[in-house]
Amino acid sequence: MRLAYLIGLIVTVWTGTASSLDVEEYKRLEGTGERVLRILSTGDLALFSPFLASFHARNPQISIEYSVVSSGELHRAIRDGANVDVAISSAMDLQFQLVNDGLAKSYRSAQTASLPDWARWRDQIFAFTAEPAVVVISAERFQGLPIPETRQEVISVLRDNPDRFKGAIGTYDVRDSGLGYLFATQEARSTDAYWRLSEVLGRLAPRLYCCSGQMIEDVANGQLALAYNVLGSYAAEQAANETSGRVQILRMQDFSNVILRTAIIPATAQNIAAAGAFVDGLIAAGQGNRPGSWALPLLDHTPETTSPGFGPIRLGPALMIYLDPLNKRAFLEEWENAMVQRQTP
Amino acid sequence: MIATTSLGRKLTLLLAGVAALLSVLSWSMVTGLARQAAERTQDNVLSASVTTIAETLRTEQGEVRLELPYSAFSMLGAISQDRVFYKVVAGSRLLTGYADLQVPSGYGPDQGPGRVRFATGSYLGEDIRMASLTRFVQAGNSPVPVTVTVAQTRYGIGAITSDLSRHAAGLSIAFFLVAAGLTSLVARASLRPLKTITADVARRGPADLSPLHHKAPAELAPLLDALNRLMVRLGQSIRRSEDFIAEAAHRVRTPLATVRVQAEILLRATTGDAERQRLRQMIRAVDESSRSAGQLLDHATVVYRAEALARDPVDLGEVARQCAHALEPTAAMRDIALRIETQRAIVRGDPILIDNALRNILDNAIKYSPDDTTVTVRVLKDVETVRVSVTDQGPGLGNGAVEHLTERFRRGCNVEGIVGSGLGLTIAEAAIQAHGGRLELGKGPEGQGACVSLILSA
Amino acid sequence: MRYLLVEDNQELAEAVLRRLAMDGHAVDHAASLEAAKDCLAAADYDLILLDVMLPDGDGREFLAQSRKRLDVPVIMLTARSQVSDRVGALDQGADDYITKPFDFSELEARCRAVLRRRGGSAKNEIALGPALFDPLSGTLRRGETKVDLRSRESRLLEVFALNPGQILSKGQLMDRLFTFDSAVTENAIEVYIGRLRKRIEGMGFQIETVRGLGYRIEAQSP
């Protein structure tokens, strides 16, 4: 199936195997049986390893191949019919579009039925974590300054201290990162502070990243004073490993995106039974039923219950709006105007 | 009797069938309406969505521009979990969306530009509903027609429809059950006159052939008529057979009577002892045969009547009084006094049979009593039973086995010289046993004479 | 006494007629209901003997229809079963009934009983010397003296009264006095003659023994 709006992307004919992808991390767990469960995921091994081990212990006959790719890579691979049994991504919009375009299989079980309505769509896409976007700062670099709690306060502190923050601000390069693009578009839709903040950031020569991990690392090692829109789960993991206490996680009080990490079983999946079991395991773990093996946030640990209005981004056709090439082009133009062109005044 | 299909069941089934038909009809109507409503809702939302997108159409530097507003798709996501496809075409050039979405082109007679048009089709193997809107946008020198199409799968309609359909089915089933329940009530109510007539016929005694008088519904009037005509014919036929028996008896007995009277006359006129003796024997033979015939006939009648026993209230005191009264002349001929001690005592039964039993007992007592003695008839009553006892001052029932006396043709061993067939007590016992009573044979009060008692439950 | 016999069987009717005439009764015979109606219109009767089955109808129905205008005792003659006929006959207004073939003495007894119930009649008294005998009630009167005879005594006296001056043998008396189903000897007659003689003492007549022949009633020589 060829879709005309895949502009800006070089259409490549994939051979249909994970090996032809640009794989960042790879792990294989050998099973006793012949069946191999191929998982394509945007989740770092560091986060998923305990769960994989636990799943493998429960299903020793299944061999598991776990490949970590970027969300864009994953989207392309599924669209091109790669031999994948489960696709896990935090880029909800891309995942949703795959489902909408009929590239996912339906799957029903007692576990999927236990999900709340907002965490699944058409029995084809299943959310298993709810993760907020956060701001990570270096406590060291913020010394003597008030800790901002809203975007307006972030704008104020950055504008008031341009010297201290110049070149020390990090955020996603939304042109590369699917998750970054999702955060940006959803934020732009939800709060008018986004464009003002982007203006301020653009003047401070921001450093643009592809992934949350690198950004947090740079905060930890002091290269960055502030990383904007970082996936909370990575930040929390980093903060836990960090002993110096430099990394501080801030959750914006005016508005905060919550994304749902989702799994789908692609229409081309070969090993459907194992894929279903894996999805069931993810859902069970996301609901807190696999303590000890789960390093990710829980699905029902969402701010939905604690602070109203901070609900997760809805799974629905509206997610596809910003994937439309015309819309995307317009958005990126505006973003570049704010962020990139100011870099080289 | 052969019972074919029950009328009540037939009626119930018929009405229930109608109810079922109505249930199915209403269910399919509700389902159809639900589908229509759901379709209209989807059309409205698709129309709103496509309109929202079309409103963003504009020209920038000679180029057609548009953006998809967030609300255009979020409204589609709000009503159902249906997949969404879209396409924007300017002239013949695809601006954005799903290129291979087949949109019917052209306008209908009442669909011009600026009007949303709908179509049903299929995409990616799914049924879809499409809304399209065409607007002309000035691009360069000439206006270009830009067609915005938004399509949605129809799962939601199916889900809403099947949900409503399930509810409607539930309601229809409930309606049907209620209707079926009412139906059986109605059927029972309309068949009640039939039951009343049946019960009336069943309740009747065997001899009651009077016509039925009921306010019957028009449908039952012919049945009632036929029943009444049957009763009349039955009554006639019974009367005819009774007449036949009577005629037969008449034919036999009348000549016998003639013989007897002639013999008596002859006896008066004859003086020779030997001839007189022969005449007496003749008379006795006539008496014996007529009595036997009568008692055989009586016995048969008792057996016949006992089979379908009437249960009328009978005053035993009155029966005893009348019996004694009827036999009084016979007793008086031999200077036998009849003493009657009766009281009112009602039992249920056939008065003719009870009268016959008592008359046989009393007749026996008179027959076997010596001249110048007394026969006493007493009616005694206690809580549960009524006893009619006939006591004589005769020779008693002898020392033989008393219970054998009621066997057919068995006579006491001390009754030589008295005309009798031996059926009297048998008839009496059969008649009383038919009433659930019994006959008791014993000695008189001072050990003298016989006492025959007839015992019935009160 | 005047009887009306309604009986269609000619032989039986003739025999009954003859037998009743022997006792000094006047009897008319009707062979049908029509004839009976004619007789009833022409004469008064003391008693009607009515057969049940007649060529032109049922005796019981005739009785039920004419009972209101007919104030005469009726005895039904029936050949039917006793069980079913009894109640019916009496219900239709008969005074009594008797089943064919009948013992004539029983018929007489029933006739007497019916007549007695209806109030009797003095005209049937028979003169015996100075005394008057009413066979219906069994009373014997001479002036102020009155004797009530018992049933058999009364019958015995009646036999003598209806045959004044005749010698009646023991056998004849026995046949008149006893039913044929009882085994009695001629000694019984002697017993009853003895009793009757005691009862009629002083009544101005006596029963004489005619040795070897029988008995005879005779007015006492003053």
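All of these numbers come straight from a predicted model, not from anything done at the bench.

1. Some words on the overall build of chain B
Piece 1. Looking only at helices and strands, one finds eight helices and 14 strands in chain B.
Piece 2. In chain B, which comprises 458 residues, the proportion classed as buried is 33%.

2. Regarding the overall build of chain A
Piece 1. Tallying secondary structure elements over chain A gives 13 helices and eleven strands in all.
Piece 2. Across the 345 residues of chain A, 47% fall into the buried class.

3. Re the interface of chain C and chain B
Where interface size is given, it is often the accessible area lost as the parts come together that is meant.
Piece 1. Contacts between chain C and chain B engage 37 residues on the former and 40 residues on the latter.
Piece 2. Within the residue set of the side of chain C that touches chain B, elements represented by two or more residues are helix H1 (10-22), helix H4 (82-91), helix H5 (104-117), helix H6 (151-162) and helix H7 (170-177) of chain C.
Piece 3. Of the residues assigned to the side of chain C that touches chain B, the class counts are 15 nonpolar, ten polar and twelve charged.

4. Considering the interface of chain B and chain A
Piece 1. Contact residues are listed per partner, giving 17 residues for chain B and 18 residues for chain A.
Piece 2. Secondary-structure elements contributing two or more residues to the side of chain B that touches chain A are helix H2 (70-79) and strand E4 (93-97) of chain B.
Piece 3. No other element matches H2(B), which puts five residues into the side of chain B that touches chain A.
Piece 4. Within the side of chain B that touches chain A, the residues separate by chemical class into eleven nonpolar, four polar and two charged.

5. Quick look at the packing of helix H6 (residues 316-333) of chain B against helix H7 (residues 351-367) of chain B
Residues and elements named next belong to chain B.
Piece 1. Where H6 meets H7, the axes come as close as 9 Å, and the angle between the chain directions of the two elements is 35 degrees. In this structure, H6 meets H7 at a crossing whose hand is right-handed. Together, Val319, Ala320, Cys323, Ala324, Leu327, Thr330 and Ala331 of H6 and Pro351, Ile354, Asp355, Leu358, Arg359, Leu362, Asp363 and Ile366 of H7 make up the contact between the two elements.
Piece 2. Class assignment for the residues of the contact of H6 with H7 results in eleven nonpolar, one polar and three charged.

6. What to know about the pairing of strand E12 (residues 205-210) of chain C
Piece 1. Bridge analysis of E12(C) against strand E13 (residues 214-219) of chain C gives six bridges, and the strand direction is antiparallel. From the neighbouring strand, C:Val210 faces E13(C), where its bridge partner is C:Gly214.

7. Re the pairing of strand E10 (residues 139-142) of chain C
Looking along a regular strand, one sees side chains alternate from face to face of the sheet.
Residue and element names in this part refer to chain C.
Piece 1. Relative to E10, strand E9 (residues 131-134) runs antiparallel, the two being bridged by three bridges. Across the sheet, the residue bridging to Asp134 is Thr139, located in E10.
Piece 2. Where E10 and strand E11 (residues 145-148) come together, four bridges link them in antiparallel fashion. Bridge pairing in E11 links Arg142 to Thr145.
Piece 3. The turn joining E10 and E11, which pair antiparallel and follow one another in sequence, is formed by two residues; a positive phi near 60 degrees is taken by Gly143.

8. Considering the sheet that holds strand E3 (residues 84-90) of chain B
Residue and element names in this part refer to chain B.
Piece 1. Pairing within the open sheet is antiparallel, and its five strands lie in the order E4-E3-E7-E6-E5. Looking along the sheet, the strands with just one partner apiece sit at the ends: E4 and strand E5 (117-123). Averaged over all pairs of adjacent strands, the angle between strand axes in this sheet comes to 25 degrees, irrespective of strand direction.

9. Focus: the environment of B:His213
Residue and element names in this part refer to chain B.
Piece 1. Examined against the element boundaries, His213 turns out to sit in the loop between helix H3 (155-203) and helix H4 (221-269).
Piece 2. The exposure class assigned to His213 is exposed, which follows from the 9 C-beta atoms found within 10 Å.
Piece 3. Sequence spacing of His213 and Leu224 is eleven residues, and the spatial spacing of their C-alpha atoms is 8.6 Å.

10. A few points about the confidence of the model for chain B
Piece 1. Looking at chain B as a whole, the pLDDT averages 82, with 90% of positions reaching at least 70.
Piece 2. Here the complex is predicted with pTM 0.56, and the ipTM for its interfaces comes to 0.83.

11. Description of H1(C)
Residue and element names in this part refer to chain C.
Piece 1. Between its terminal C-alpha atoms H1 stretches 18 Å, which fits the 18 Å expected from 13 residues at 1.5 Å a residue.
Piece 2. Within the sequence span of H1, burial applies to Leu12, Ala13, Ala15, Val16, Arg19 and Leu20. Along the axis of H1, the buried residues cluster in a sector spanning 165 degrees; they form a single face.

12. Points about the packing of H7(B) against helix H8 (residues 424-434) of chain B
Axis angle and axis distance: for two packed helices, these are the angle between their axes and the distance between the axes, and together they describe the pair.
All names here are of chain B.
Piece 1. It is at 8 Å that the axes of H7 and H8 come closest, and there the two elements cross at 150 degrees. Accordingly, the angle class assigned to the pair H7 and H8 is roughly antiparallel. Crossing angle aside, the handedness with which H7 passes H8 is left-handed. Packed against H7, whose contacting residues are Leu353, Ile354, Asn356, Ala357, Asn360, Ile361, Asp363 and Asn364, the element H8 presents Gly424, Leu425, Ile427, Ala428, Ala431, Ile432 and Ala434 at the interface.

13. Focus on the environment of B:Arg204
Piece 1. Within the element layout of this structure, B:Arg204 appears in the loop between H3 and H4.
Piece 2. Between the C-alpha atom of B:Arg204 and that of B:Ala310, which follows or precedes it by 106 residues, the distance is 9.3 Å.

Definitions and cut-offs
- Residues numbered from 1 in each chain as written.
- Chains lettered and ligands numbered in written order.
- Predicted model: local features only at pLDDT ≥ 70, side-chain atom pairs only at ≥ 80, totals over all residues.
- Helix = DSSP H or I, 4+ residues; strand = E, 2+ residues; numbered from the N terminus.
- Buried ≥ 20, exposed ≤ 12 C-beta atoms within 10 Å, placed from the backbone.
- Contact = placed C-beta atoms within 7 Å.
- Nonpolar A, V, L, I, M, F, W, Y, C, P; charged D, E, K, R; others polar.
- Axes fitted to C-alpha atoms, helices over the stretch in contact; angles between N-to-C directions.
- Left-handed = near helix turned anticlockwise from the far one by under 90°.
- Pairing = 2+ DSSP bridges.
- pLDDT = per-residue confidence, 0-100.
- Expected span 1.5 Å × (residues − 1).
- Arc of directions from axis to C-beta.
- Parallel < 35°, antiparallel > 145°, perpendicular 65-115°, else oblique.

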